[in-house]
Amino acid sequence: MGVIRQFNPVKLFIGVLVSHSKLIAEVEQRLAAAHGPIDHRSPVIPFDFTDYYETEMGDIIDRVFFSFERLIEADHLPEIKRQTNRLEEELNPLLSSVKRPVNLDPGYIEQAKVILASTKNFYHRLYLSGGIFGEVTMYFKNNRYQFFPWTYPDYQSKEYQEFFLKVRHIYRAQLRTMCPLNKEDEP
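Sequence order sets the numbering: in each chain, residues are counted from 1 along the sequence as written. Since the coordinates come from a predicted model, pLDDT governs what is reported: local features require at least 70, and pairs of side-chain atoms require 80 or more to be given and counted, while whole-chain, interface and lining totals use all residues. Only hydrogens and water are set aside when side-chain values are computed; all heavy atoms of the structure are taken into account.

**Q** Explanation requested: the packing of helix H1 (residues 24-35) against helix H3 (residues 77-91) in the structure shown.
**A** When two helices pack together, you describe them by how their axes are tilted relative to each other and by the distance separating the axes. For helices, the axis comes from a line fit to the C-alpha atoms of the stretch in contact; other axes are also lines fit to C-alpha atoms, and the angle between any two N-to-C directions lies between 0 and 180 degrees. Secondary structure elements are taken from DSSP: a helix is a run of H or I of four residues or more, a strand is a run of E of two residues or more, and numbering for both begins at the N terminus. For the pair H1 and H3, the least separation of the axes is 12 Å and the interaxial angle reads 145°. With respect to the hand of their crossing, H1 and H3 are arranged in right-handed fashion. Residues Glu26, Val27, Arg30, Leu31 and His35 of H1 form the contact with H3, whose participating residues are Ile80, Gln83, Leu87, Glu90 and Leu91. Residue type decides the class: Asp, Glu, Lys and Arg count as charged, Ala, Val, Leu, Ile, Met, Phe, Trp, Tyr, Cys and Pro as nonpolar, and the leftover types, Gly among them, as polar. Broken down by class, the residue content of the contact of H1 with H3 amounts to 5 nonpolar, 2 polar and 3 charged. Note on convention: near helix rotated counterclockwise from far helix by under a right angle means a left-handed crossing. Clockwise means right-handed. Here, two residues are considered to be in contact whenever any of their heavy atoms come within 4.5 Å of each other.

Rendered as structure tokens:
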């Protein structure tokens with residue numbers, strides 16, 4: 001029988017898609033108010049990997065990622081996803097030219113993987129709670145992130161990889177100051 005042990009806290013990040021880059025500052029302020037100080041921010045990345053969001057968000061979409069200084073318990077992800085959905089609704093009036101000016105995608109990084117929250121079920125997602133699913137989007141092996149057939153093409157890009165590798169580095173440093181790593185947790 002396996003032994004149940006304490007799970008390390010995880011590193012929250014939120015991916016932000018905006019219909020206009022002028023919205024980023026407001027979104028950043030609201031996210032920091034909800035989740036604490038931001039310790040890493042990606043550059044603004046043009047979101048031109050797919051036209052999936054074009055009907056809701058327009059044809060020029062930008063992406064930015066934020067990671068948060070405060071570590072969270074992994075089981076808080078469903079509530080954070082519900083909070084970000086509510087925040088999206090609150091931000092809708094900021095830009096009347098599109099149906100959905102902001103899209104927020106929370107997830108977390110742990111030692112060996114990147115998890116995204118979703119409201120959509122599919123064969124590669126596990127139900128977490130309250131209508132929210134979790135997806136292992138990438139895994140860490142051989143000093144880099146590896147992909148699955150379902151990993152979104154944008155998450156495979158160099159810009160996204162740079163963000164996630166930097167956040168993983170910050171996260172591991174935080175864990176080292178909190179507690180010694182369990183060798184089983186270290187990929």
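**Q** What am I meant to see in the packing of aromatic side chains here?
**A** Geometry of an aromatic ring pair is reported as the spacing of the ring centres plus the angle between the planes. Aromatic contacts are taken between Phe, Tyr and Trp rings whose centres are within 6.5 Å, Trp giving its six-membered ring; a plane angle under 30 degrees counts as stacked, one over 60 as edge-to-face, and the others as tilted. Applying the stated rule across the entire model yields 20 aromatic pairs. Considering the side-chain rings of Phe13 and Phe164, the 5.0 Å spacing of their centres and the 85° angle between planes classify their relative orientation as edge-to-face. In this pair, Phe13 is assigned in strand E1 (residues 11-18) and Phe164 in helix H4 (residues 158-178), connecting sequence segments 151 residues apart. Buried means the residue's accessible area, taken with a 1.4 Å probe over protein chains only, is under 20% of the maximum for its type, while exposed means over 50%, and partly exposed covers the values in between. Phe13 sits in the buried class, given a relative accessible area of 0%. On the basis of an interplanar angle of 85° and a centroid distance of 5.3 Å, the ring pair of Tyr155 and Tyr160 is categorised as edge-to-face.

**Q** What am I meant to see in the environment of Pro37 here?
**A** In this structure, Pro37 sits in the loop between H1 and strand E2 (38-41). For Pro37, a relative accessible area of 47% gives the class partly exposed. Each C-alpha atom, one on Pro37 and one on Arg70, is 7.4 Å from the other, the two residues being 33 residues apart in sequence. In this structure, Pro37 is in contact with Ser67, Phe68 and Glu69, ignoring residues within four places of it in sequence.

**Q** Would you mind showing me how to read the pairing of strand E9 (residues 144-147) here?
**A** If a strand is regular, its side chains alternate between the two faces of the sheet. Two strands make a pair as long as DSSP finds a minimum of two bridges between them. The pairing of strand E8 (residues 132-141) with E9 spans 4 bridges and is antiparallel. Within E9, the residue paired with Tyr139 across the bridge is Gln146. Counting the residues between successive antiparallel strands, the hairpin from E8 to E9 contains 2 residues, one of them, Asn142, with a positive phi of roughly 55°.

**Q** What is the right way to read the pattern of salt bridges from this model?
**A** Pairing of side chains with opposite charge becomes possible as their charged atoms draw close. Basic side-chain nitrogens of Lys or Arg form a salt bridge, by our definition, when they fall within 4 Å of a carboxyl oxygen of Asp or Glu. Following the criterion strictly, the structure yields 13 salt bridges and no others. Across the salt bridge formed by Lys11 and Asp39, the nearest N and O atoms sit 2.3 Å from each other. Of this pair, Lys11 sits in strand E1 while Asp39 sits in strand E2, and the two are 28 residues apart along the sequence. Asp39 sits in the partly exposed class, given a relative accessible area of 25%. Beyond isolated ion pairs, a larger network of salt bridges with shared partners links Glu26, Arg30 and Glu90.

**Q** Sorry if this is basic, but what is going on with the nonpolar core here?
**A** One broad trend across soluble globular proteins is that nonpolar side chains are buried collectively. Here, nonpolar core refers to any group of buried Ala, Val, Leu, Ile, Met, Phe, Trp, Tyr and Cys residues whose side-chain atoms link them within 4.5 Å. Formed by 48 residues in total, the largest nonpolar core has its most connected members in Phe13, Val16, Leu31 and Phe164. Listed by contribution, the elements that provide at least two residues to this core are E1, H1, strand E4 (62-68), H3, strand E5 (102-109), strand E6 (113-118), E8 and H4.

**Q** Even after reading the chapter, I still don't get the side chain of Ser19, so can you show me in this structure?
**A** Topologically, Ser19 is positioned in the loop between E1 and H1. Setting aside anything within four residues of it in sequence, one finds Ser19 in contact with Met57, Ile60, Leu95, Val98, Arg100 and Pro101.

**Q** In this structure, what is going on with H1? I would like to understand it.
**A** Every α-helix winds through 3.6 residues per turn, so residues three or four apart in the chain are directed the same way. Given a helix with a known number of residues, its expected span is that number minus one, times 1.5 Å. Along its 12 residues, H1 runs 16 Å from first to last C-alpha, staying within 8% of the 16 Å computed at 1.5 Å per residue. The complete set of buried residues in H1 reads Ile24, Val27, Leu31 and His35. Along the long axis of H1, the arc covered by the buried residues comes to 65°, so they all point the same way. Residues of H1 that are exposed and point more than 90 degrees away from the buried face comprise Ala25, Gln29 and Ala33. Check the buried side of H1 and you find it contacts E1, E2, E4, H3 and E5. One or two positions beyond H1, positive phi appears at Gly36, with a value near 95°. Think of it as the arc spanned by the lines of direction from the helix axis to the C-beta atoms.

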